[in-house]
There are 4 protein chains.
Amino acid sequence: SGQKDAAKPSGRVFAPYAIFKGKAALSVEPVLPTFTEIDSGNRRIERRGSLMMTFMPSIGERKYDGAQKQLFSLSPTEVGSLISMGSKDSSEFFHDPSMKSSNAGQVRKTLSIKPHADGSGYFFSLSVVNNILNTNDRFVVPVTTAEFAVMKTAFSFALPHIMGWDRVIDQVGTGTQKTTSQ
Amino acid sequence: SGQKDAAKPSGRVFAPYAIFKGKAALSVEPVLPTFTEIDSGNRRIERRGSLMMTFMPSIGERKYDGAQKQLFSLSPTEVGSLISMGSKDSSEFFHDPSMKSSNAGQVRKTLSIKPHADGSGYFFSLSVVNNILNTNDRFVVPVTTAEFAVMKTAFSFALPHIMGWDRVIDQVGTGTQKTTSQ
Amino acid sequence: SGQKDAAKPSGRVFAPYAIFKGKAALSVEPVLPTFTEIDSGNRRIERRGSLMMTFMPSIGERKYDGAQKQLFSLSPTEVGSLISMGSKDSSEFFHDPSMKSSNAGQVRKTLSIKPHADGSGYFFSLSVVNNILNTNDRFVVPVTTAEFAVMKTAFSFALPHIMGWDRVIDQVGTGTQKTTSQ
Amino acid sequence: SGQKDAAKPSGRVFAPYAIFKGKAALSVEPVLPTFTEIDSGNRRIERRGSLMMTFMPSIGERKYDGAQKQLFSLSPTEVGSLISMGSKDSSEFFHDPSMKSSNAGQVRKTLSIKPHADGSGYFFSLSVVNNILNTNDRFVVPVTTAEFAVMKTAFSFALPHIMGWDRVIDQVGTGTQKTTSQ
């Protein structure tokens, strides 16, 4: 619909929340869900969105190497896990990017979130063991309480959007629909 | 208004939050309120929206039977009850889908939310006793803390929308309206 | 702008959150701020919005008398007070609707929110002492924890809107604006 | 796009949240991020937004001197720090508005937020030491719990917007995008 394209820029907008620390950088950005048309005018979510985390190693003062980056994509339920963490809680998430393919089990990604002993924040650690390339990458980024509060608030904001609920809700009410009691 | 239809797809969008467990699946989706025109250009909420829960029994590995589904519709106040639950709280809701009809009292639906003993989540149980069909259905879905956090956040997002407050707020301000002090 | 009128219904939408109890009913609804044009294309908030509470006495089973209603308008800061209340906290607000007029002090409105002894909710009491009409009205509505949770969530949603911050934020970014460090 | 300009007023909207106290006033307002076009149709955040705090000294009953105002701009992470403060926590932020220029170190701004001894709110203090003009300004504004709750809620609302995440999320879903598992 050209109407719609006129009202919103058709391109993508990039606005990662980035944390640059001594040994590595972490940046996070929402990835929107995709939808598929199921019948005339109606659509169904096809692939849920996520919060994509990108880790990059430091290669000098305030320099980070994008070529060595590793990604970790948080699902809605993993986002729920993160935003419900108290200041002494830990979380650990395991991903196999080749799950259900012939390479299943060859790459193991582990994201671990561990609280600082003094309650002043968390360590975000990503480990990527790749048995195909025979590599083993590890990134550790200390995240302060303030940075974690930004994540909690921004992730809570993004969650209904990566679930597609903003689309469910942004519909034209007809005022005539009738439903029975449940 | 063709303008509006052009800007938003006219059809519905489906994006349930679904939890698939061993014996049953639970999925939840917002249902929007309906409005009725009360006088020229003004509208009033007619029927409040809800969060519709669908339970389906498992009939094999990762297979669930939609034909045996049962629904339970959470009102705004029931949503308020759920989102204010602490990790050791329980809730119970009773519905009679035939309330105020000649079949009143013939079908009793009970949704109960009980915490796991170790605080790691809740059991969502739906019981449907139907004296007309002489059936008695019961579903139990364990919900983890992370999944419950997704519900709390997504339900809090949806609540003002099922109440119709997004419509109250999304109005053209005239800058000339005057009200007296209250 | 005809474009805007086409995209949004120009009339008002009414969707009060209403609680009907034995002796009185309480309903709440957001009132939007008004804006005034300060120079070409720029606008400034003129009057802040509020959350308007309406109390009505019961005059029979499930019947409430709109002719005897009394209003109490919560300012943004009073909303902040309400949404930060813990389950054992009390609040009290005093309003003089004739403040700064010749009738100042003649009408005193007091809204008091007191917790139930068992933590199961609050009593919302409105007292209106009117020395001009020589009347003294008092309403008490018990509000459950679930209903209070609906208010907290819906009031938190409404707060940025009654402050006008949704308008501040819903602006066309130019990508060229430069500001100095502060 | 003329379509967009028609749908939204092109000018700015001003709606500060202002707190007027005996010795000084504090007002806060969101400042939006700016974006830059990186390639055809795609844009990237250029400068993050902020919450701009303005302090003004009192110069008589309910009169404040705008000519003597001082600004302090809270970054997203500083906002995260503020919204995660408990009722007994303190925060302190240091800014050098001339950072990286030849005047670096000549002006030091310090915002300190300290809790009242009785837990009834916070003192917001801004100190500006300017070695170029040889001035030393200090403002103290007591902020009640209710006013702080307004800030927390309004800042949490504004945070995703000053980060630019509302733009990331407000995009036209194509329903055809494919991403690999991460």
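As the structure is a prediction and not an experimental result, all values here were calculated from the model. (Residues numbered from 1 in each chain as written. Chains lettered and ligands numbered in written order. Predicted model: local features only at pLDDT ≥ 70, side-chain atom pairs only at ≥ 80, totals over all residues. Heavy atoms only, no water.)

### Notes on the overall build of chain A
For step 1, the next point in the chain: Counting its regular elements, chain A contains 4 helices and 11 strands.
For step 2, the next point in the chain: Burial analysis of chain A (182 residues in total) assigns 51% to the buried set.
For step 3, the next point in the chain: Sequence separation of at least 24 residues holds for 46% of the intrachain contacts in chain A that already meet a minimum separation of 6.
For step 4, the next point in the chain: Surface accessibility of chain A: about 8,600 Å² in total, with carbon and sulfur atoms responsible for 49%. (Helix = DSSP H or I, 4+ residues; strand = E, 2+ residues; numbered from the N terminus. Buried < 20%, exposed > 50% of the residue type's maximum accessible area, 1.4 Å probe, protein only. Contact = heavy atoms within 4.5 Å. Areas by Shrake-Rupley, 256 points an atom, 1.4 Å probe, with all protein chains shown as cover.)

### So, the sheet that holds strand β11 (residues 135-144) of chain D
Residues and elements named next belong to chain D.
For step 1, the next point in the chain: Spatially, the 4 strands line up as an open sheet ordered β8-β9-β10-β11, and their pairing is antiparallel. Each end of this open sheet is capped by a strand with a single partner; those strands are β8 (91-95) and β11. Between one strand axis and the next, the sheet turns by 10° as a mean value, whatever way the strands run.
For step 2, the next point in the chain: Inspection of the sheet shows strand β10 (residues 121-130) paired to β11 by 10 bridges, in the antiparallel sense. Each residue of the ladder has a partner; that of F124, found in β11, is V141. (Pairing = 2+ DSSP bridges. Axes fitted to C-alpha atoms, helices over the stretch in contact; angles between N-to-C directions.)

### Examining the pairing of strand β5 (residues 42-47) of chain D
For step 1, the next point in the chain: As paired strands, strand β1 (residues 13-14) of chain A and β5 of chain D are joined by 2 bridges and run parallel to one another. Its bridge partner lying in β5 of chain D, V13 of chain A is registered against R43 of chain D.
For step 2, the next point in the chain: Examined bridge by bridge, strand β4 (residues 34-39) of chain D and β5 of chain D share 5 bridges and lie antiparallel to one another. By the bridge assignment, F35 of chain D is partnered in β5 of chain D with I45 of chain D.
For step 3, the next point in the chain: Counted along the chain from β4 of chain D to the antiparallel partner β5 of chain D, the turn is 2 residues long, and its residue G41 of chain D has a positive phi close to 85°.

### Brief notes about the pattern of salt bridges
All names here are of chain A.
For step 1, the next point in the chain: Scanning the model with the defined rule gives 4 salt bridges over all chains in all.
For step 2, the next point in the chain: A salt bridge links K21 to E147, with the nearest nitrogen and oxygen atoms 2.9 Å apart. Of this pair, K21 sits in the loop between β2 (17-20) and β3 (24-31) while E147 is found in helix α3 (residues 145-162), placing the two residues 126 residues apart along the sequence. In terms of burial, K21 and E147 fall into one category: buried. (Salt bridge = Lys/Arg side-chain N within 4 Å of Asp/Glu carboxyl O.)

### Describing the packing of helix α2 (residues 76-83) of chain D against helix α3 (residues 145-162) of chain D
In helix packing, the relevant descriptors are the interaxial angle and the interaxial distance, both defined with respect to the helix axes.
Residues and elements named next belong to chain D.
For step 1, the next point in the chain: Remark: α2 packs on α3, axes separated minimally by 10 Å, with the N-to-C direction vectors making an angle of 150°. Between α2 and α3, the interaxial angle falls into the category roughly antiparallel. For α2 against α3, the interelement crossing comes out left-handed. Contact residues: P76, V79, L82 and I83 in α2; F148, K152, F155, S156, L159 and I162 in α3. (Parallel < 35°, antiparallel > 145°, perpendicular 65-115°, else oblique. Left-handed = near helix turned anticlockwise from the far one by under 90°.)

### Topic: the packing of aromatic side chains
For step 1, the next point in the chain: Under the criterion given, the structure shown has 20 aromatic pairs over all chains.
For step 2, the next point in the chain: Where F55 of chain C meets F139 of chain C, the ring centres are 5.9 Å apart and the plane angle is 35°; that geometry is what we call tilted. Placement of the pair is F55 of chain C in strand β6 (residues 50-57) and F139 of chain C in strand β11 (residues 135-144), with a sequence separation of 84 residues. Each member of the pair, F55 of chain C together with F139 of chain C, is buried.
For step 3, the next point in the chain: Linked through ring pairs, Y122, F124 and F148 of chain A together constitute an aromatic cluster.
For step 4, the next point in the chain: Sitting over the ring of F35 of chain B, R43 of chain B keeps its end group 5.5 Å from the ring centre. (Phe/Tyr/Trp six-rings, centres within 6.5 Å; stacked < 30°, edge-to-face > 60°. Lys NZ or Arg CZ within 6 Å of the ring centre and 35° of its normal.)

### So, helix α2 (residues 76-83) of chain B
For step 1, the next point in the chain: Most of α2 of chain B sits inside the fold, with 7 of its 8 residues counted as buried.
For step 2, the next point in the chain: Every buried residue of α2 of chain B is listed here: P76, E78, V79, G80, S81, L82 and I83 of chain B.

### Some details on the side chain of H95 of chain B
For step 1, the next point in the chain: Along the chain, H95 of chain B turns up in strand β8 (residues 91-95).
For step 2, the next point in the chain: Engagement of the side chain of H95 of chain B in a polar contact is seen with the side chain of E78 of chain B, the distance being 2.7 Å.
For step 3, the next point in the chain: Setting aside residues up to four positions removed in sequence, H95 of chain B forms contacts with Q182 of chain A together with F72, S73, E78, V107, R108 and K109 of chain B. (Polar contact = N/O pair within 3.5 Å; in protein donor to acceptor, adjacent residues only side chain to side chain.)

### Brief notes about the environment of N134 of chain A
For step 1, the next point in the chain: Mapped onto the elements, N134 of chain A comes out in the loop between β10 (121-130) and β11 (135-144).
For step 2, the next point in the chain: With a relative accessible area of 68%, N134 of chain A lands in the exposed category.

### What to know about unusual backbone geometry
For step 1, the next point in the chain: In this structure, K100 of chain A takes a positive phi of about 70° despite not being glycine.
For step 2, the next point in the chain: Using a relative accessible area of 73% as the deciding quantity, one classes K100 of chain A as exposed.
For step 3, the next point in the chain: Despite not being glycine, R62 of chain D has its phi angle at roughly 55°, a positive value.
For step 4, the next point in the chain: With respect to the helices and strands, R62 of chain D occurs in the loop between β6 (50-57) and β7 (70-74).

### Concerning the sheet that holds strand β10 (residues 121-130) of chain C
All names here are of chain C.
For step 1, the next point in the chain: If you walk across this open sheet you meet the 4 strands as β8-β9-β10-β11, and the pairing is antiparallel. Both outer strands of the open sheet, β8 (91-95) and β11, are each paired with one neighbouring strand and no more. Within this sheet the neighbouring strands show an average axis-to-axis angle of 10°, counted without direction.
For step 2, the next point in the chain: Relative to the sheet, helix α2 (residues 76-83) contacts β8, β9 (107-115) and β10, its axis offset from that of β8 by approximately 165°.
For step 3, the next point in the chain: Packing of helix α3 (residues 145-162) onto the sheet brings it into contact with β10 and β11, and relative to β11 it is tilted by some 100°.

### What about the confidence of the model for chain A?
Residues and elements named next belong to chain A.
For step 1, the next point in the chain: Across chain A, the average pLDDT comes to 90, with 88% of residues at or above 70.
For step 2, the next point in the chain: Across residues 1-9 the pLDDT falls below 50, and counting only partners more than four positions away or on other chains, this stretch makes 14 contacts in the model.
For step 3, the next point in the chain: Note on residues 173-179: pLDDT under 50 across the span, and 7 contacts to partners over four residues away in sequence or across chains. (pLDDT = per-residue confidence, 0-100.)

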